[in-house]
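Here are the chains, one letter per residue:
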Amino acid sequence: MLDRIDQLRAEIDSLKAVSFEEVELLRLKYLSKKGLVSVLFDDFKSVPAEMKREVGQRLNDLKTKAQERLEELKSGFSSVETELSAKPDLTRPSGNNQPGSRHPLSIVRNQIIDIFGRIGFTVADGPEIEDDWHNFSALNFTADHPARDMQDTFFIATNPDILLRTHTSSVQIRTMETTKPPLRMIFPGRVFRNEAISARAHCIFHQVEGLYIDKHVSFADLKQTLMYFAKEMFGENTKIRLRPSYFPFTEPSGEMDVSCLICGGVGCNICKHTGWVEILGCGMVDPNALENCGIDSQTYTGFAFGMGIERITMLKYQIKDLRLFFENDVRFLNQFTGAF
Ligand code: PHE
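Note that this is a predicted model, so its numbers are computed, not measured.

1. A few points about the sheet that holds strand β2 (residues 129-131)
Strand order in the open sheet formed by 3 strands is β2-β4-β3, and the pairing between neighbours is antiparallel. Where the open sheet ends on each side, the last strands, each with one partner, are β2 and β3 (155-156). The pairing of β2 with strand β4 (residues 159-164) spans 3 bridges and is classified as antiparallel. Following the sheet pairing, I129 is matched in β4 by L164.

Laid out in structure tokens, this is it:
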């Protein structure tokens, strides 16, 4: 027995391994239940009583020695386990982390929210998948109204009542249905139209619409609000111009132009030599739209407006092709790093 212990001890002292897995195999060979060291403990029972003390001690020493040697070998290799339990090395150089950037449309959307926030407009959100009522009918687009043609969208074949919203005016309706005036809100969101994709149009784009309803709200309030917005967005020297237009849910309706940012109004390619660029539609909320949402049109009046975020962003950053917003080309997006 003592010879065998000496023999194993010599063997263990000279153990070598080239990988973590090999150390594990050695552990099984010597220390597992049927391992070479463990079986000696089974034989211990048959050692004569007077030898038990010495043999027992040598046996325990052997076991401790084997455990220490295997630990020593193991420490030379890493495994998933040891790697995870290892303390992080704070002196290691960091990885090559590229700073991200906000998408230009998010930057401008946040600016619009901020500008209107300063004069008391809060933000509301609504579903992109809408029903006919909230996107069209409640907004005074009757079933066969030609204005529906300009906002053709994506319908579900099995249920023509379900569609992708064409504007966030649907959220104005949802808000008016559930909230009593006074209301002063803006509605940012993604909208959809049946448009061929080009440098100037896309079947997906983004809007911010706005709504202000209270007693005695007038067209003068609308004009002043929009002028404030244009100057905050494009600069103090920006001029605005309102042209008569038509929307089923506003009466009277208008479209607003701002003086061309590129040429300052003298005339250039961007403004098609007119000195003006259209940026939004607006008007006084039609009494029918108010009544459709249970708001008394004798007591309350209001204005609404809606703009495309892409259009504002293109003007602000002089971007000439709308498709750039959706291509996710980092050479384009990187240019906005640091802007918020
Ligand atoms: N909803 C209109 C559109 O998408 C914009 C608009 C909003 C016009 C509010 C007038 C008032 O074209």
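2. A closer look at the packing of aromatic side chains
Enumeration over the complete set of coordinates arrives at 12 aromatic pairs. Summarising the aromatic geometry, the rings of F116 and F229 are spaced 5.1 Å apart at their centres and angled 15° between planes, so their arrangement reads as stacked. Of the two residues, F116 sits in helix α6 (residues 104-117) while F229 sits in helix α9 (residues 219-234), which places them 113 residues apart along the sequence. Just as F116 is buried, F229 falls in that class too. Ring pairs connect the aromatic residues F116, F121, Y212, F229, F303 and F305, which therefore count as one cluster. Across the ring face of F44, the terminal group of K52 is positioned such that the distance to the ring centre comes to 5.3 Å. Lying over the aromatic face of F41, K63 brings its terminal NZ or CZ to 5.6 Å of the ring centre.

3. Notes on the site of the ligand
As a structural note, the neighbourhood of the ligand is formed by 14 residues, with H167, S169, R193, Q207 and E209 the closest of them. Here a nitrogen atom of the ligand and a side-chain polar atom of S169 are 3.1 Å apart. Against a free-state accessible area of 320 Å², the protein chains account for coverage of 93% of the ligand. Listed by contribution, the elements that provide at least two residues to the shell around the ligand are β6 (204-214), β9 (276-285) and β10 (301-308). By residue number, the principal contributor to the shell around the ligand is β10, which donates 3 residues. Broken down by class, the residue content of the shell around the ligand amounts to 5 nonpolar, 7 polar and 2 charged.

4. What to know about the sheet that holds strand β7 (residues 240-247)
Think of a sheet as strands paired side by side through backbone hydrogen bonds, with each pair either parallel or antiparallel. Sheet architecture is open: 7 strands sit in the order β1-β5-β6-β10-β9-β8-β7, paired in mixed fashion. At either margin of the open sheet sits one strand with a lone partner, and together these are β1 (122-123) and β7. Note that β1 and strand β5 (residues 183-192) share 2 bridges and pair parallel. Counted as the bridge partner of T122 is M185 from β5.

5. Points about unusual backbone geometry
With omega at 0°, the peptide bond leading from P181 into P182 counts as cis. With respect to the helices, strands and loops of the structure, P182 is situated in the loop between α8 (169-178) and β5. Of note, the bond from E251 into P252 is cis; its omega dihedral lies within 30 degrees of zero at -5°. Along the chain, the position of P252 falls in strand β8 (residues 250-259).

6. Quick look at the pairing of β8
Extensive coverage of β8 is indicated by the burial of 8 of its 10 residues. Linking β7 back to β8 in an antiparallel pair, the connection comprises 2 residues.

7. Overview of the packing of helix α2 (residues 20-31) against helix α4 (residues 49-74)
With their axes 9 Å apart at the nearest point, α2 and α4 run at an angle of 170° to one another. As the angle between them shows, α2 and α4 are arranged roughly antiparallel. Contact residues: F20, V23, L26, R27 and L31 in α2; K63, A66, Q67, L70, L73 and K74 in α4. In the contact of α2 with α4, the residues fall into 7 nonpolar, 1 polar and 3 charged.

8. A word on the pairing of β7
As defined by bridge partners, β7 adjoins β8 across 7 bridges and the pair is classed as antiparallel. Residue S245 lies in a different strand from β8, and its bridge partner there is S253.

9. Some thoughts on the nonpolar core
With 42 residues, the main nonpolar core has I112, F229, I279, F305 and M307 as its most contacted residues. Counting only elements with at least two residues in this core, the list comes to α6, β6, α9, β8, β9, β10, α11 (309-317) and α13 (330-333). Of all hydrophobic cores here, the second largest spans 23 residues; its members include F141, L211, V285 and Y300.

10. Structural notes on α4
For α4, built from 26 residues, the straight-helix expectation of 38 Å at 1.5 Å per residue is met to within 8% by its first-to-last C-alpha distance of 37 Å. In α4, a bend of some 30° at V55 exceeds every other bend along the element. Looking only at α4, the buried set comprises V55, G56, L59, L62, A66, R69, L70 and L73. Tucked into the core, α4 has its buried residues touching α1 (2-13), α2 and α3 (36-43).

11. Topic: the pattern of salt bridges
Where charged atoms from two side chains of opposite charge approach closely, those side chains can pair. Within this structure, the stated rule accounts for 17 salt bridges. Residues E54 and R58 are paired through a salt bridge, measuring 3.5 Å at the closest nitrogen-oxygen approach. Here the residue E54 and the residue R58 both occupy positions in helix α4, the gap between them amounting to 4 residues, near one helical turn. The exposure class of E54 is partly exposed, given its relative accessible area of 40%. Of the residues examined, R58 reaches a relative accessible area of 27% and is grouped as partly exposed. The partner of R243 in a salt bridge is E278, and the shortest N-O contact between them spans 3.9 Å. Pair noted here: R243 is in strand β7 and E278 is in strand β9, with a separation of 35 residues, a long-range link.

About the thresholds
- The residue numbers shown here count from 1 along each chain, following its written sequence.
- Thresholds applied to this predicted model are a pLDDT of at least 70 for local features of residues and 80 or more for the giving and counting of side-chain atom pairs; totals over whole chains, interfaces and linings are not thresholded and use all residues.
- Calculated side-chain values reflect all of the structure's heavy atoms, with hydrogen atoms and water omitted.
- Here a strand pair is declared whenever DSSP counts at least two bridges between the two strands.
- Secondary structure follows DSSP: runs of H or I at least 4 residues long count as helices, runs of E at least 2 residues long count as strands, and numbering of each begins at the N terminus.
- Classification of ring pairs rests on two measures: the distance between centres of Phe, Tyr or Trp rings, Trp counted by its six-membered ring, which must be within 6.5 Å, and the angle between planes, read as stacked under 30 degrees, edge-to-face over 60 and tilted in between.
- Only protein chains enter the accessibility calculation, which uses a 1.4 Å probe. A residue is then buried if its area is under 20% of the maximum for its type, exposed if over 50%, and partly exposed in between.
- Geometrically, a charge over a ring is one whose NZ (Lys) or CZ (Arg) sits within 6 Å of the ring centre while staying within 35 degrees of the ring normal.
- Only heavy atoms are used to decide nearness, and a residue is near a molecule or strand if one of them lies within 4 Å of it.
- Polar contact is the term for a pair of N or O atoms within 3.5 Å; when the atoms are in protein, one must be able to donate a hydrogen and the other to accept it, and sequence-neighboring residues count only if both atoms are side-chain atoms.
- Using a 1.4 Å probe, the Shrake-Rupley method yields the accessible areas, and only the shown protein chains count as cover for residues.
- When residues are grouped by polarity, Ala, Val, Leu, Ile, Met, Phe, Trp, Tyr, Cys and Pro land in nonpolar, Asp, Glu, Lys and Arg in charged, and all others, Gly among them, in polar.
- Helix axes use the C-alpha atoms of the stretch in contact, all axes being lines fitted to C-alpha atoms, and the angles between their N-to-C directions lie in the range 0 to 180 degrees.
- Small angles under 35 degrees read as roughly parallel and large ones over 145 as roughly antiparallel, with 65 to 115 read as roughly perpendicular and the rest as oblique.
- Only heavy atoms matter for contacts: two residues are in contact if any of them lie within 4.5 Å across the pair.
- Within this scheme, the nonpolar core is defined by two criteria: the residues are buried Ala, Val, Leu, Ile, Met, Phe, Trp, Tyr or Cys, and they are joined through side-chain atoms within 4.5 Å.
- What a helix should span is 1.5 Å times the count of its residues minus one.
- Working definition for bend: take the seven residues up to and ending at a residue and the seven starting at it, fit an axis to each, and measure the angle between the axes.
- Counted as salt bridges are all cases of a side-chain nitrogen of Lys or Arg within 4 Å of a carboxyl oxygen of Asp or Glu.

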